[in-house]
Amino acid sequence: MFMKNQEWTQRSLAHVWHPCTQMQDHAGSAPPLPLIPIARAEGVWLEDFDGKRYLDAVSSWWTNIFGHRHPAIVAALKDQLDELDHVMLAGFTHAPAVELAERLLRLAPPGLSRCFYADNGSSAVEVALKMSFHYWRNTGATGKTRFIALDNSYHGETLGALAMGGPSMYRDTYAPLLLQPIHVPSPDCYPRGTGESWEDYTRRQFWHMERALEAHAHEVCAVIVEPLIQCAGGMRMYHPLYLRLLRDACDRHGVHLIADEIAVGFGRTGRMFGCDWAPPPARDDDAQPGITPDFMCLSKGITGGTMALAVTLTRESIYDAFYAEYREGKAFLHSHSYTGNPLACRAALATLDLFEETRALATNRALSQLIWAQTAELRNLPHVAEVRQQGMVLAIELAKNIRTKEAYPAEQRRGLRVYQYALEQGVLLRPLGNVIYFMPPYVIEPREIETLCRVAAEGIRRAVRD
Ligand SMILES: *Cc1c(COP(=O)(O)O)cnc(C)c1O
């Protein structure tokens, strides 16, 4: 029989260099990482050229929040194609870019009033870094040239964004090329002692940040963090108190705060944005929860996983520092060719409509409880050191020794074994090292959750057997 999968795989391997991949893992007749050609997709399901289906439990790298080819997004895109495909956003504007900016700012934490578009998450981070530095320069604070970032963080792959990430296999190779941020121990609660609460541990870890700000505020433009979850760093989570402490400390020390919400934005944590979880200031009974960062980076889920789009939100006071006579040379001269692409903005508008129409945040809270209930079995498996959850992210950390949390050596590739087993069973679970995680589209159904949990449990049992 003519195998279509095989043909597309071979043609791809002949000429396509795949991202974030040791290509040799795809080589040979039984490769450790089989390359899977996808022909079509619908809802939470991907389908290959031989008709096999895979449950997309990681939302295609966390982008696809309402399922593949959601009819409302597809219709909006078709409609937009009949009107305007693309126009540059310098010197021109268009309805989707204007409407999307208005709507994002209504949803965002109060005090943000300006949207700067880009076309991928790393670029949104570059925009925030450059804008922060440039703001200080425009206002005369030329000594501010550095950034503070957390260990174990991830902010993208372009050189500026990569530099901000914690030491890792993604970053270390390029170290000689990179900016030198001040890296501070992470509030990630996985290493906390037995009996210590997330809140206590997070508060304790904040001490490092306070010290770094005291020592370096004069030379620091901004602190950059991923609110609540360090996703690429293994879905490591921390208490939202950290965001409140950090906001207050940045204000005290005259340093910007950049919230990289690229992965956690758009409902993933159970609220619209990770920043919305921060507790109100301690001495103010009437205060609302949530903090307003000086820059908020958004991408991934913004178009429901259909088009490449990113945006960096900021405050009017920052915008004002660039607004001047042309000859003063204060303008922000940054652009990407596809910045604010109309099709992408239109897909984003349709995605925001879905949040309203489907009451997605309430649905997510119910779904996340269901996922927690269904994973009871996982929590009792051997070598499962921790099962943690925040909204629609559930992570299962495997360890060689669950008491000491001694990790499995990376070269044993335990997570990969789970990946291989799950694929055979028609579930796409792409682990991060020894961390297996679920980050499904918000339209996943109870019986699909059941499948996911069953396959993950069996995959883990097999992966830790010897
Ligand atoms: C994915 C991600 C990025 C980078 O976005 P790209 O679109 O892949 O460039 C940056 N920050 C976080 C937190 C991310 O998860």
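Note that the structure is predicted; figures quoted are calculated from it, not measured. (Residues numbered from 1 in each chain as written. Predicted model: local features only at pLDDT ≥ 70, side-chain atom pairs only at ≥ 80, totals over all residues. Heavy atoms only, no water.)

## As for the environment of Phe66
Here is step 1: Secondary-structure assignment places Phe66 in the loop between helix 2 (59-62) and helix 3 (71-81).
Here is step 2: It is 8.8 Å that separates the C-alpha atoms of Phe66 and Gly301, two residues lying 235 residues apart in sequence. (Helix = DSSP H or I, 4+ residues; strand = E, 2+ residues; numbered from the N terminus.)

## Focus on the UniProt feature "binding site: substrate" (unreviewed entry) in the protein
Here is step 1: If you check UniProt for "binding site: substrate" (unreviewed entry), the listed places come out as Trp61, Tyr154, Lys300, Ser335 and Arg430 in our numbering. Taking the farthest pair of C-alpha atoms as the criterion, the annotated set spanning 370 residues is dispersed, since that pair is 32.9 Å apart.
Here is step 2: Among the structural elements, Tyr154 can be located in the loop between strand 5 (146-150) and helix 6 (159-164).
Here is step 3: Since its relative accessible area comes to 22%, Tyr154 is described here as partly exposed.
Here is step 4: Ignoring any residue separated from it by four or fewer positions in sequence, one finds Tyr154 in contact with Gly165, Glu226, Ala232 and Asp260.
Here is step 5: For Arg430, the location among the structural elements is in the loop between strand 15 (427-428) and strand 16 (435-438). (UniProt positions renumbered as here; feature names shortened; annotations may be inferred. Buried < 20%, exposed > 50% of the residue type's maximum accessible area, 1.4 Å probe, protein only. Contact = heavy atoms within 4.5 Å.)

## Considering the packing of helix 11 (residues 360-374) against helix 14 (residues 446-463)
Here is step 1: At their nearest, the axes of helix 11 and helix 14 sit 10 Å apart, and the two run at 35 degrees to each other. The hand of the helix 11/helix 14 crossing is right-handed. Packed against helix 11, whose contacting residues are Leu367, Leu370, Ile371 and Gln374, the element helix 14 presents Pro446, Ile449, Glu450 and Cys453 at the interface.
Here is step 2: A per-class count over the contact of helix 11 with helix 14 returns six nonpolar, one polar and one charged. (Axes fitted to C-alpha atoms, helices over the stretch in contact; angles between N-to-C directions. Left-handed = near helix turned anticlockwise from the far one by under 90°. Nonpolar A, V, L, I, M, F, W, Y, C, P; charged D, E, K, R; others polar.)

## Comments concerning helix 14
Here is step 1: Under the 1.5 Å per step criterion, the end-to-end length of helix 14 is 25 Å for 18 residues, consistent within 8% with the ideal 26 Å.
Here is step 2: Among all positions in helix 14, only Glu448, Ile449, Leu452, Cys453, Val455, Ala456, Ala457, Gly459, Ile460 and Ala463 are buried. (Expected span 1.5 Å × (residues − 1).)

## A few points about helix 3
Here is step 1: Of the positions making up helix 3, those classed as buried are Ile73, Ala76, Leu77 and Gln80. Buried residues in helix 3, looked at end-on, bunch into an arc of 100 degrees, giving them a common side. The outward face of helix 3, more than 90 degrees from its buried face, is lined by the exposed residues Pro71 and Lys78.
Here is step 2: Where helix 3 is buried, its residues meet helix 4 (95-107) and helix 10 (342-357). (Arc of directions from axis to C-beta.)

## Structural notes on the sheet that holds strand 10 (residues 256-260)
By definition, the strands of a sheet pair up through backbone hydrogen bonds, in either a parallel or an antiparallel sense.
Here is step 1: Pairing is mixed in the open sheet, where seven strands are placed in the order 4-12-11-10-7-5-6. At either end of the open sheet lies a strand with only one pairing partner, and these are strand 4 (112-118) and strand 6 (182-184). On average, each strand axis in the sheet is tilted by 20 degrees relative to the strand beside it, whichever way the strands run.
Here is step 2: By the bridge criterion, four bridges tie strand 7 (residues 220-225) to strand 10 in an arrangement that is parallel. Looking at strand 10, one finds that Val223 is bridged to Leu257. (Pairing = 2+ DSSP bridges.)

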